[in-house]
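Take a look at the letters that make up each chain.
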Amino acid sequence: VAARHAGLEISGVQAEPTKGSCVLQHGANLGYRYCNFEPTEAAVEEARAWEQSKAQVGGLHFLAIMESPEAEQCAGFWLLRTRRPPAV
């Protein structure tokens, strides 16, 4: 997964709570569904809380890719900041 995304300009990760998915954003207007989750009440609340927390720190968040659940080092790490485009 890390190698696949190494050449892309990842601009953010966005949770879509009601759809039960996370979107990996590339550039200003391109995104791919990155993962799905069961949209249970607890999962939807956690996704909304994550988006609220991200907004409170100015859009700052990260994406870490591990080779396996037992791995101790990241195979890929992106520090990201989601923000609105400037007014034109």
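No experiment lies behind these values; they were computed from the predicted model shown.

The rules behind each value
Residues numbered from 1 in each chain as written. Predicted model: local features only at pLDDT ≥ 70, side-chain atom pairs only at ≥ 80, totals over all residues. Heavy atoms only, no water. Helix = DSSP H or I, 4+ residues; strand = E, 2+ residues; numbered from the N terminus. Expected span 1.5 Å × (residues − 1). Buried < 20%, exposed > 50% of the residue type's maximum accessible area, 1.4 Å probe, protein only. Arc of directions from axis to C-beta. Contact = heavy atoms within 4.5 Å. 1 Å grid on protein atoms, 1.4 Å probe; cavity = no way out; pocket = protein on both sides within 12 Å on 5 of 7 lines; lining within 4 Å. Points joined across faces, edges and corners; volume = space filled by probe spheres on them. Nonpolar A, V, L, I, M, F, W, Y, C, P; charged D, E, K, R; others polar.

Re helix H2 (residues 41–56)
Item 1. With 16 residues, H2 extends 23 Å from end C-alpha to end C-alpha; this agrees with the ideal 22 Å at 1.5 Å per step.
Item 2. Where H2 is concerned, the buried positions are Ala43, Val44, Ala47 and Lys54. Burial along H2 is one-sided: seen end-on, the buried residues are contained in an arc of 105°. Turned more than 90 degrees away from the buried face of H2 sit Glu41, Ala42, Glu46, Gln52 and Gln56, all of them exposed.
Item 3. Among the structural elements, strand E1 (10–16) and strand E4 (60–66) are those in contact with the buried residues of H2.
Item 4. Following H2 by one or two positions, Gly58 has its phi on the positive side, about 70°.

Describing the layout of surface pockets
Leftover empty space is mapped by rolling, across the atoms, a probe with the size of a water molecule.
Item 1. Considering only enclosed or pocket space, the largest pocket measures out at about 310 Å³ in volume.
Item 2. As for the largest pocket, its lining consists of 13 residues, and the residues nearest its centre are Ser11, Gly27, Ala28, Arg83 and Pro85.
Item 3. Its residues assigned to classes, the lining of the largest pocket shows four nonpolar, six polar and three charged.
Item 4. Taken as a whole, the second largest pocket spans an internal volume of roughly 170 Å³.
Item 5. Taken together, Val13, Ala15, Cys22, Phe37, Ala43, Glu46, Ala47 and Trp50 make up the full set of residues lining the second largest pocket.
Item 6. At the level of elements, E1 and H2 are the ones that each hand at least two residues to the lining of the second largest pocket.
Item 7. Here the lining of the second largest pocket gets four residues from one element, more than from any other, and that element is H2.
Item 8. Partitioning the lining of the second largest pocket into residue classes produces seven nonpolar, no polar and one charged.

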